[in-house]
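# Observations on chain architecture
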Amino acid sequence: MIPPHLIRIRQVSRPVIGLVLGFMLGASWLHATGEPEPLWAYGFLTPPAPGDKAVPQGAPGPRGLRANQDAAEQTKPRHVEGSSAAFSLLDIRDAANAIDWFPNEHPPMPAVVAHGPAAGTGNTARACASCHLSNGKGRPENAPVSGQPAAYFLRQLQDFRNDTRHTADPRKPNPATMIALAKAMTDDEMKAAADYFGAIKWTPWIRVVETDLVPKTRISGNLFIATEKTRTEPIAGRIIEVPEDEEQAETLRNPHSGFIAYVPVGSVKRGENLVKTGGMSIVDGAIMPGKTLACATCHGPDLMGLADIPGIAGRSPSYMVRQLYDLQQGTRKGISSPLMQPIVLNLTGDDMVAIAAYVASLAPPPVVAGK
Ligand code: HEC
Ligand code: HEC
């Protein structure tokens, strides 16, 4: 069921709606704020220098043994809890033939998801599941793609294909691969991927922990990985999202092993207010509009998506802040992005952290069998 206000939205051009919402918020249209880049959301420690560019991702290497690692280690069968499958490191690293630990948990994988676009060569000879995982849970450095409405999923692929969705940090290599993949896909492959991932319901994947201190981390492929268990480093207003278990997430690519998001103390509560009311307040009996609008109006009462608008609840907060910042900077400017531009226009970096901390902490509703 599409609520009547959204049906109306769909009849008017989206840029016009964006403009109207922009005026409602008293915002001057199309002017990006000078907020500094949330570097952690892109997986960097230092700002980009002028002219910095991503080093393009190469073709997935040939399926051979690595010289710098023991051969037996690379070929021995490995296992994860709850799966009867066995894969070696050679299998796990083979980006053109994605492994599948839990084939019974999802519909049959279409060829594009398991092997990549048929026309894919070089860096586009990659399976969707190699980055987004077989169940589409994704990782902080890419995107959580399962459980999204097919219409939304397809629109994003078209936006990538049309070069209207870029990342604000020019150094991040995998969005460029994503764009190249969208250009290599046929419309039928896009539809097969959208239907496959769309059929997998979103379930909990992120554990949000409020803290002043985070573990020491290193960055591998724009992903933060904890190097110790103890928390000794000030969080300093960031969100630090790390695998619950490095061996499970990195070495084995286990799609049951999720992420911990360390968020600043107090951010969840502050985010809740912005998400539920847009930050509106009542001063001397008069309603003062907030700096943004309530998210449920468009993203659905449980923020799990509505019509062709994406679900955001319980998903990676690093990914979320990256998208909010990309939308604010205007590097993500797809067909429907104008609806989000007034929402992000007045947000500070701290607001984005608070919003993402709260939204990521929401548990998706339980999956009912047969639904
Ligand atoms: C090299 C890793 C990689 C591979 C392989 C890959 N993607 Fe992506 N994908 C990304 C990244 C990175 C993003 C997010 C870009 C950003 O930060 O804006 C993304 C985003 C997306 C999104 C947008 C999600 C959203 O919520 O808006 C869709 C849809 C998507 N990918 C579909 C696919 C499909 C279909 C395939 C297989 C043909 C695929 N991806 C293969 C890295 C990858
Ligand atoms: C007026 C309708 C509307 C409101 C209100 C709204 N959104 Fe959105 N949102 C959208 C649309 C439409 C998209 C898809 C944009 C696109 O296709 O580029 C979107 C996309 C997003 C995305 C990117 C999701 C992804 O998977 O890449 C995030 C994150 C997001 N919204 C967060 C929020 C938050 C947080 C709020 C409240 C503070 C909010 N939105 C309020 C319409 C809205």
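Residues numbered from 1 in each chain as written. Chains lettered and ligands numbered in written order. Predicted model: local features only at pLDDT ≥ 70, side-chain atom pairs only at ≥ 80, totals over all residues.

### A look at the overall build of the protein
Assigned secondary structure in the protein consists of 16 helices and 7 strands. Over its C-alpha atoms the protein spans a radius of gyration of 21 Å, differing by no more than 12% from the 21 Å that the globule rule assigns to 371 residues. Projected onto its principal axes, the C-alpha coordinates of the protein cover approximately 75 × 50 × 50 Å. Relative to its 371 residues, the protein shows a buried fraction of 40%. In the protein, 66% of the contacts between residues at least 6 apart in sequence involve partners at least 24 apart. (Helix = DSSP H or I, 4+ residues; strand = E, 2+ residues; numbered from the N terminus. Rg over C-alpha atoms; globule rule 2.2 N^0.38 Å. Buried ≥ 20, exposed ≤ 12 C-beta atoms within 10 Å, placed from the backbone. Contact = placed C-beta atoms within 7 Å.)

### Focus: the site of ligand 1
Not every one of the 25 residues close to ligand 1 is listed here, only the nearest: Cys128, Cys131, Ala143, Asn174 and Ala193. Of all the secondary structure elements, the ones that give two or more residues to the shell around ligand 1 are α7 (128-132), α8 (150-161) and α9 (173-184). Of all the elements, α9 adds the most residues to the shell around ligand 1, at 5 residues. Split by residue class, the shell around ligand 1 holds 14 nonpolar, 9 polar and 2 charged. (Near = placed C-beta within 6 Å. Nonpolar A, V, L, I, M, F, W, Y, C, P; charged D, E, K, R; others polar.)

### Some remarks on the site of ligand 2
Around ligand 2, the surrounding shell holds 25 residues, and the nearest of these are Cys295, Cys298, Ser336, Ser337 and Leu339. For the shell around ligand 2, the secondary structure elements donating two or more residues are α12 (267-277), α13 (296-299), α14 (317-329) and α16 (349-361). Split by residue class, the shell around ligand 2 holds 16 nonpolar, 7 polar and 2 charged.

### Observations regarding the environment of Phe44
With respect to the secondary-structure elements, Phe44 resides in the loop between α3 (39-42) and α4 (71-75). Looking at Phe44, the number of C-beta atoms within 10 Å reads 17, which means it is partly exposed. It is 20 Å that separates the C-alpha atoms of Phe44 and Ala354, two residues lying 310 residues apart in sequence. In contact with Phe44, other than residues within four places in its own chain, are Leu39, Asp169 and Arg171.

### Thoughts on the confidence of the model for the protein
Scored by pLDDT, the protein has a mean of 92; 90% of the residues are at 70 or more. In the model, residues 1-12 has pLDDT below 50 throughout and makes 6 contacts with residues more than four positions away in sequence or in other chains. (pLDDT = per-residue confidence, 0-100.)

### A word on the domain arrangement of the protein
What the domain assignment lists for the protein is domain 1 (4-51 + 205-361) and domain 2 (71-198). Distance between the C-alpha centres of domain 1 and domain 2: 23 Å. Contacts between domain 1 and domain 2 engage 36 residues on the former and 33 residues on the latter. Broken down by element, the residue count for the side of domain 1 that touches domain 2 peaks at 5 residues, all from α14. Tallied by class, residues from the side of domain 1 that touches domain 2 come to 14 nonpolar, 14 polar and 8 charged. (Domains from an automatic or database assignment.)

### Some thoughts on the nonpolar core
With 77 residues, the main nonpolar core has Ile239, Val321, Ala356, Ala357 and Val359 as its most contacted residues. No other element matches the 9 residues that α16 contributes to this core. Counting contributing residues per domain, this core is built from domain 1 (4-51 + 205-361) and domain 2 (71-198), each supplying no fewer than three. In this structure, Ala357 is in contact with Val208, Ile239, Val263, Ser267, Val268, Gly271 and Pro317, ignoring residues within four places of it in sequence. (Core = buried A, V, L, I, M, F, W, Y, C linked by C-beta atoms within 7 Å.)

### Describing the sheet that holds strand β1 (residues 206-210)
The 3 strands lie next to each other as β1-β5-β4, forming an open sheet whose pairing is mixed. For this open sheet the edge positions go to β1 and β4 (240-243), each flanked by a neighbour on one side alone. Adjacent strand axes in the sheet meet at a mean angle of 25°, parallel and antiparallel pairs treated alike. (Pairing = 2+ DSSP bridges. Axes fitted to C-alpha atoms, helices over the stretch in contact; angles between N-to-C directions.)

### Section: the pairing of strand β3 (residues 223-234)
Across 7 bridges, strand β2 (residues 213-220) lies against β3 in antiparallel orientation. Its bridge partner being in β3, Pro215 is matched across the sheet by Arg231. Where β2 folds back onto β3 in an antiparallel hairpin, the turn is made up of 2 residues, including Gly221, whose phi is positive at roughly 55°.

### Points about the packing of α8 against helix α10 (residues 187-198)
At a minimum axis distance of 9 Å, the contact between α8 and α10 shows a crossing angle of 140°. As far as their axial angle goes, α10 and α8 are oblique. Judged by the twist between their axes, the crossing of α8 over α10 is right-handed. Facing α8, whose interface residues are Ala150, Phe153, Leu154 and Leu157, α10 presents Met190, Lys191, Ala194, Asp195, Phe197 and Gly198. For the contact of α8 with α10, the class distribution of residues is 7 nonpolar, 1 polar and 2 charged. (Parallel < 35°, antiparallel > 145°, perpendicular 65-115°, else oblique. Left-handed = near helix turned anticlockwise from the far one by under 90°.)

### With respect to unusual backbone geometry
Positive phi outside glycine occurs at Asp163, with the angle close to 60°. Structurally, Asp163 can be placed in the loop between α8 and α9. C-beta crowding within 10 Å serves as the criterion here: with 11 such atoms nearby, Asp163 is assigned to the exposed category. Phi at Ala307 takes a positive value of approximately 50°, unusual for a residue other than glycine. Note on Ala307: 16 C-beta atoms within 10 Å, which makes it partly exposed.

### Notes on the pairing of strand β5 (residues 259-263)
Burial analysis of β5 places 4 of its 5 residues in the buried class, which makes it a mostly covered element. Where β1 meets β5, 5 bridges bridge the pair, whose relative direction is parallel. Looking at the pairing, Glu210 lines up with Val263 of β5. Relative to β5, β4 runs antiparallel, the two being bridged by 4 bridges. Note on β5: the bridge partner recorded for Glu241 is Ala261.

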